[in-house]
Amino acid sequence: MNDCIFCKIISGEIKSQIVYEDDFVVAFKDLNPQAPTHILIVPKKHIENIAAASEEDALLLGKIQLAAAKIAKDSNIKDFRLVANNGKGAGQSVMHLHYHLMAGRRFLWPAG
Ligand code: 5GP
Ligand code: ZN
């Protein structure tokens, strides 16, 4: 956990562009954005990913989604995608739970 990039962002040790913070979560701009809006929403508690979450994290998981809705609403974003990669094989590169809030472009899946 000590060399976790997102724990260091949460503590302020590594600088980031924070857009939202409350008692449970921090949200900041992705360093390598894949959409005009690309924000990472992370719990302050270090949890590796969704698979590592437990029953006691149920409230926290809800708080992350509510933070996503608030961030989008405050930015006048109506349509957005919320994605959490779980595991290296699914594209997770930072082993601290995070949701990608993306908006401002069309997404390939589903087609249309
Ligand atoms: P993952 O691939 O684990 O689903 O997503 C990790 C995300 O974290 C990537 O989109 C990557 O660009 C972003 N990221 C990695 N290191 C940093 C950093 O130091 N600062 C910020 N703001 N984003 C980072
Ligand atoms: Zn961490």
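Quick notes on the rules
Think of each chain on its own: its residues are numbered from 1, step by step along the sequence as written. Each chain takes a letter, starting from A, and each ligand takes a number, starting from 1, following the order in which they are written. This being a predicted model, a pLDDT of at least 70 is required before a residue's local features are given, and a value of 80 or more before pairs of side-chain atoms are given or counted; all residues contribute to the totals for chains, interfaces and linings. Excluding hydrogens and water, the side-chain values take into account all heavy atoms of the structure. Proximity criterion: a residue is near a molecule or strand once any of its heavy atoms comes within 4 Å of it. Nitrogen and oxygen atoms within 3.5 Å of one another constitute a polar contact, given that in protein one can donate a hydrogen and the other can accept it, and given that sequence-neighbouring residues count only through two side-chain atoms. Here a cavity denotes a set of grid points, spaced 1 Å apart and computed over the protein atoms alone, in which a 1.4 Å probe fits but from which it cannot get out, and a pocket denotes an open set meeting protein on both sides within 12 Å along at least five of seven lines; residues with an atom within 4 Å of a point are reported as lining. Placement in a cavity or pocket follows one criterion, namely that more than half of the molecule's atoms lie within 2 Å of its grid points. Secondary structure elements are defined from DSSP: runs of H or I of at least 4 residues count as helices, runs of E of at least 2 residues count as strands, and each element is numbered from the N terminus. Under the grouping applied here, Gly and all other residues not named as nonpolar or charged are polar, the nonpolar ones being Ala, Val, Leu, Ile, Met, Phe, Trp, Tyr, Cys and Pro and the charged ones Asp, Glu, Lys and Arg.

### Focus: the site of ligand 1
By nearness alone, 16 residues border ligand 1, and Lys 29, Asp 30, Gly 91, Ser 93 and His 100 come closest of all. At a separation of 3.3 Å, a nitrogen atom of ligand 1 approaches a polar backbone atom of Leu 31. At 2.9 Å from an oxygen atom of ligand 1 is found a side-chain nitrogen or oxygen belonging to His 98. Because more than half of its atoms lie within 2 Å of the grid, ligand 1 is assigned to the largest pocket. Of all the secondary structure elements, the ones that give two or more residues to the shell around ligand 1 are helix H1 (5–11) and strand E2 (25–29). Here the shell around ligand 1 gets three residues from one element, more than from any other, and that element is H1. Among the residues making up the shell around ligand 1, the classes are represented as seven nonpolar, seven polar and two charged.

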